[in-house]
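# Fold and contact review
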Amino acid sequence: MSVAAGLIVGMTRIDKNPGNGKNAVEVRGLVKHYGSTKALDGVDLDVREGTVLGVLGPNGAGKTTLVRVLSTLIQPDAGHAVVAGYDVVKQPRALRRTIGLTGQYASVDEKLSGWENLYMIGRLLDLPRKKARSRADELLERFSLTDAAKKAAMEYSGGMRRRLDLAASMIGSPAVLYLDEPTTGLDPRTRNEVWDEVQRMVAEGATVLLTTQYMEEAEQLANELTVIDKGRIIARGGVDELKAKVGGRTLQIRPSDPAQLAAMAQAIREAGLDGVAGAQAVPDEGLLYVPILSDEQLTAVIGLLGTRGFSLAHVATALPSLDEVFLAITGDKATVTDTTPQEVAA
Ligand SMILES: Nc1ncnc2c1ncn2[C@@H]1O[C@H](COP(=O)(O)OP(=O)(O)O)[C@@H](O)[C@H]1O
Ligand SMILES: [Mg+2]
């Protein structure tokens, strides 16, 4: 039994009191250095009970290091963290029984079948035989692994392994679940299955700390977001809040007459369209940039310009890449101008 396997599941549920706003995870001033690398450089975060916190960050940001500290696999150099009421450094054993963890390391025995793996973990968690059996069946079914139940885990594809790993982390219905990039490298169908399962776990009362490199995944699953880069928190807030900060998409409008750019920008600003914060005219490019968050806003902006009698030569929207989201948040770049435009009209 690997160390990780001992950590993947737990039996204890936090006393549920929906809406009480209690934190299931509290992290303060967490520091972890590897030589001169500051993997965690003073991280503070909270995860409210029964919610999903998305920890968004590029490769090397410190996400896995954070999850490792919070699962007692490594010790922080400074700061402290409390999960489900247990201090990660002082009460590691109690904490391990409360958390589930899926991540970038194997918690599955290669030689055992999928079903045997889940059954064994259930038994290790002191589930009665009958309960361990039914839980194994149930989770294999949930993750579409029933057909592969009797196959050895070593014969599973990458996606199947990931699903088995997730199933294993859920056997004991852990109160707090860490998902470290749970869908990186998965095909869209499998990714959707994983998302459905996470949503179901949360509906059943679990608290989730999810790390991801994907804005879309964070959007699907997270109530709150924390953006981490180089071991530091660089932004946090609700999904819409962060999107608004970053601008979601950028609407690019080319008027037939470049001389009208400034008047168009002013018309948009003065119209006070719902959620449309501003418009920026860039005369050098002959373009007007308008950050938008929805198709409704796109329609409203174009509609407004039409009503005011502006003639448009070209309209496109550009999605910021995750890199641009980070750049925008860190303030290194003012506008999203060099994305690949997606044509919406000509
Ligand atoms: N065991 C380790 N030894 C040395 N450096 C490490 C170790 N683990 C992580 N790091 C470094 O710490 C930083 C954060 O890594 P990690 O937490 O794995 O980031 P992420 O999961 O966000 O990709 C990286 O620069 C990484 O190279
Ligand atoms: Mg990682």
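Computed from a prediction, not measured in an experiment: that's the story for all the values here. (Residues numbered from 1 in each chain as written. Chains lettered and ligands numbered in written order. Predicted model: local features only at pLDDT ≥ 70, side-chain atom pairs only at ≥ 80, totals over all residues. Heavy atoms only, no water.)

## Remarks on the environment of Lys151
With respect to the secondary-structure elements, Lys151 resides in the loop between α5 (129-142) and α6 (158-170). Distance from Lys151 to Trp115, taken between C-alpha atoms, is 8.4 Å for residues 36 residues apart in sequence. The contact partners of Lys151, leaving out residues within four places of it in the chain, are Leu112, Ser113, Gly114 and Tyr156. (Helix = DSSP H or I, 4+ residues; strand = E, 2+ residues; numbered from the N terminus. Contact = heavy atoms within 4.5 Å.)

## With respect to the pattern of salt bridges
Enumeration over the complete set of coordinates arrives at 17 salt bridges. For Lys63, the salt bridge goes to Glu181, with nearest N and O atoms at 3.5 Å. Here Glu181 lies in the loop between β7 (176-180) and α7 (188-203) and Lys63 lies in helix α2 (residues 63-70), a separation of 118 residues in the sequence. Of the two residues, Lys63 and Glu181, both sit in the buried class. Here the salt bridges do not stand alone but share partners, grouping Arg135, Glu138, Arg142, Glu197, Arg200 and Glu204 into one network. (Salt bridge = Lys/Arg side-chain N within 4 Å of Asp/Glu carboxyl O. Buried < 20%, exposed > 50% of the residue type's maximum accessible area, 1.4 Å probe, protein only.)

## Some words on α5
Its 14 residues give α5 an end-to-end C-alpha distance of 20 Å, which sits within 8% of 20 Å, the value for a rise of 1.5 Å per residue. Restricting attention to buried positions, one finds in α5 the residues Ala132, Arg135, Ala136, Leu139, Leu140 and Arg142. All buried residues of α5 project into a common sector of 155 degrees when viewed along the axis, lining one side. Of the exposed residues in α5, those oriented more than 90 degrees away from the buried face are Lys130 and Glu141. If you follow the buried residues of α5, they end up packed against α4 (114-124), α6 and α7. (Expected span 1.5 Å × (residues − 1). Arc of directions from axis to C-beta.)

## Regarding the nonpolar core
Of all hydrophobic cores here, the largest spans 46 residues; its most connected members are Leu118, Leu164 and Val208. A per-element tally of this core places α6 first, with six residues. Non-local contacts of Leu118, meaning those with residues more than four positions away in its chain, are made with Ala136, Leu139, Leu140, Leu164, Ala167, Ala168 and Ile171. Counting 28 residues, the second largest nonpolar core, distinct from the first, contains Val69, Leu70, Leu101 and Tyr178. (Core = buried A, V, L, I, M, F, W, Y, C linked by side-chain atoms within 4.5 Å.)

## Re the site of ligand 1
By nearness alone, every residue bordering ligand 1 is listed as Tyr34, Thr37, Ala39, Pro58, Asn59, Gly60, Ala61, Gly62, Lys63, Thr64 and Thr65. Gly62 is positioned such that a nitrogen or oxygen atom in its backbone is 3.0 Å from an oxygen atom of ligand 1. In this structure, Thr65 approaches ligand 1 through a side-chain N or O atom, which is 2.5 Å from an oxygen atom. Starting from 560 Å² of accessible surface for ligand 1 in isolation, the protein chains cover 62%. Among the elements of the structure, β2 (37-48) and α2 are those that each provide at least two residues to the shell around ligand 1. Per element, the largest residue contribution to the shell around ligand 1 is three residues, and it comes from α2. For the shell around ligand 1, the per-class residue count stands at four nonpolar, six polar and one charged. (Near = heavy atom within 4 Å. Polar contact = N/O pair within 3.5 Å; in protein donor to acceptor, adjacent residues only side chain to side chain. Areas by Shrake-Rupley, 256 points an atom, 1.4 Å probe, with all protein chains shown as cover. Nonpolar A, V, L, I, M, F, W, Y, C, P; charged D, E, K, R; others polar.)

## Some remarks on unusual backbone geometry
A positive phi angle, close to 45 degrees, is found at Ser173, a residue other than glycine. One non-glycine residue, Glu181, adopts positive backbone phi at about 45 degrees.

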